[in-house]
Amino acid sequence: EIRVVDIRSQPFPFVPRYLFYIMSELLKNAARATIEQKLGFFATKESVEKHPELFSNLPPVEVLVSSENDVTCLRVSDQGGGIPVDQMHHI
């Protein structure tokens, strides 16, 4: 599930292709990380079709959209666990 929370958002100029690409990648990564963290494995189409009940109780990925003055913020939050501290030097 992906939940979108709108807090006083306002129209803002953007290039649709770029925003779509960025948001698609962030949401894909958040969903994958949540599944791997909560279920302990990478989901495939076959695993989703074979065991849909496993995926029904996952925490949602949340997108917060807010604006103030001339600034708009899109924040993607998940419960995927983040990057382990011992792996940060690779980033």
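Before any of the text, the structure's been laid out above.
Here the structure is a predicted model, which is why all the values come from computation and not from measurement.

What counts and how
- Residues numbered from 1 in each chain as written.
- Predicted model: local features only at pLDDT ≥ 70, side-chain atom pairs only at ≥ 80, totals over all residues.
- Heavy atoms only, no water.
- Pairing = 2+ DSSP bridges.
- Helix = DSSP H or I, 4+ residues; strand = E, 2+ residues; numbered from the N terminus.
- Axes fitted to C-alpha atoms, helices over the stretch in contact; angles between N-to-C directions.

Caption draft 1: Structural detail: the pairing of strand β3 (residues 71-77). Pairing analysis gives seven bridges linking strand β2 (residues 61-68) to β3, with the strands arranged antiparallel. Counterpart to V65 in the pairing with β3 is L74. Counting the residues between successive antiparallel strands, the hairpin from β2 to β3 contains two residues, one of them, N69, with a positive phi of roughly 55 degrees.

Caption draft 2: How the structure looks around the sheet that holds β3. One open sheet holds the three strands; their spatial order is β1-β2-β3, and the pairing between them is mixed. Edge strands, defined here as strands with exactly one partner in the open sheet, are β1 (2-7) and β3. Across the sheet, the axes of successive neighbouring strands diverge by a mean angle of 15 degrees, strand direction being ignored. Examined bridge by bridge, β1 and β2 share six bridges and lie parallel to one another. Bridge assignment links I2 to a residue of β2, and that residue is V61.

Caption draft 3: Spotlight on the environment of D70. Here D70 is to be found in the loop between β2 and β3. C-alpha separation for the pair D70 and S56, spaced 14 residues apart in sequence, amounts to 39 Å.

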